[in-house]
Amino acid sequence: MRAVQITQFGGPEVLAVTDLPDPVAGEGELLLDVSRAGINYADTHQAENSYLAKASLPLVPGAEAVGRTADGRRVVALLGSGGYAEKAVAPAATAWDVPDGVDDVSALGLVVQGASAWLLLRRSVHLAPGESVVVHAAAGGVGTLAVQLAKAWGAGRVIATASSPEKRELALELGADVAIDPAEPDLKAALVEANEGRRVDTVLEMTGGAVTDQSLRALAPFGRLAFYGMASRTPPQPVQPASLMAHSTTIAGMWLAHVFQLPGDVMRTALDELFGLVLDGKLRVIAGGEYGLAEARRAHEDLRSRRTLGKLVLDPAR
């Protein structure tokens, strides 16, 4: 089969198309003929071995794929790795049937980004009706879905941040009440102004650095910030527990892998709700671009330079 393989860690330049033996499914696994694989920002961290889960070489990247099993089921699956290929092996426990009417891009957009947005709002910040929510990187995979879900679940005011006029316009189209540039010199003041002069109740943040620092300072008493990424690769300033108490604020971290340690099938619950919203026309996955195997390097370059919108996918047939 054709696949993208990494034999040394680094930037987009380490992604190389090669021919590899077909993978073999073991007990409790499914072999997929991959129709599309998801491309995530986390893949750029995996390529340089800076992700939360350390990688080993050689490596076929790609943590999610949608495709057909030998018995004809159409499933979307979380893989860990191996998605950037014509065939991939998935644990049966992390593969879910895709309803008719949900296309490949939507299925891939929901299994990581959609589930992440669901968990961030439902479990990390426990968004209550009427509360304000700041969605950073609102034109990205998680952000575009979080904006829509926050509105659907009764947020009082959705404040989006995005780095270009085009991206801010998309956030407004998806339901944000206001969209601002995260590069504002005084981001805390800009967030408060965007919330009509009030500090904000909740923040979904994946940038790091000054964006995290300023967002924390913009929180109202009993405000909550959920941190789920560090796209800038710049850590925020250390937070002292006493400062949290002084302002009655909460910081939560979220890594999707931990959903499988929760009692019950939370992932199934999330996907059932998300698939239903898509089928009802109440949630839209933004297709951000499709790349062939030989274009995987360009996909990572586009992600790292923040040139992308919505969900990116890879087509292993080209």
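No experiment lies behind these values; they were computed from the predicted model shown. (Residues numbered from 1 in each chain as written. Predicted model: local features only at pLDDT ≥ 70, side-chain atom pairs only at ≥ 80, totals over all residues. Heavy atoms only, no water.)

Caption draft 1: Representation of the overall build of the chain within the structure. Tallying secondary structure elements over the chain gives nine helices and 15 strands in all. Its C-alpha atoms give the chain a radius of gyration of 19 Å, within 12% of the compact-globule value 20 Å for 318 residues. If you line up the chain on its principal axes, its C-alpha atoms span 60 × 40 × 35 Å. Contacts spanning at least 24 positions in sequence make up 66% of the contacts within the chain whose residues lie at least 6 apart. Put simply, the chain shows about 13,600 Å² of open surface, and 53% of that area lies on carbon and sulfur atoms. Averaging the locations of the 29 positively and 37 negatively charged side chains of the chain gives two centres separated by 4 Å. (Helix = DSSP H or I, 4+ residues; strand = E, 2+ residues; numbered from the N terminus. Rg over C-alpha atoms; globule rule 2.2 N^0.38 Å. Contact = heavy atoms within 4.5 Å. Areas by Shrake-Rupley, 256 points an atom, 1.4 Å probe, with all protein chains shown as cover. Lys, Arg positive; Asp, Glu negative; His and termini not counted. Charge placed at Lys NZ, Arg CZ, Asp CG, Glu CD.)

Caption draft 2: How the structure looks around the nonpolar core. Ranked by size, the top nonpolar core spans 92 residues in total, and within it V76, L110, L121, V133, L204 and M267 carry the most contacts. With sequence-adjacent residues up to four places away left out, L121 is seen in contact with H126, L127, V133, A146, L149, A150, W153 and L204. The next biggest cluster of nonpolar side chains, apart from the first, holds 16 residues, and it includes L191, A218, L219 and L225. (Core = buried A, V, L, I, M, F, W, Y, C linked by side-chain atoms within 4.5 Å. Buried < 20%, exposed > 50% of the residue type's maximum accessible area, 1.4 Å probe, protein only.)

Caption draft 3: Spotlight on the sheet that holds strand β12 (residues 219-227). In spatial order, the strands read β10-β9-β8-β11-β12-β13; together these six strands make up an open sheet with parallel pairing. Across the chains shown, the open sheet's two edge strands, defined by having one partner strand only, are β10 (178-180) and β13 (250-253). Taking the axes of each pair of neighbouring strands and ignoring which way they run, one obtains an average angle of 20° across the sheet. Across the sheet, helix α5 (residues 187-194) is in contact with β8 (132-135), β9 (157-161), β10 and β11 (200-205); its angle to β10 comes to roughly 170°. (Pairing = 2+ DSSP bridges. Axes fitted to C-alpha atoms, helices over the stretch in contact; angles between N-to-C directions.)

Nothing here speaks to function; it is geometry throughout.
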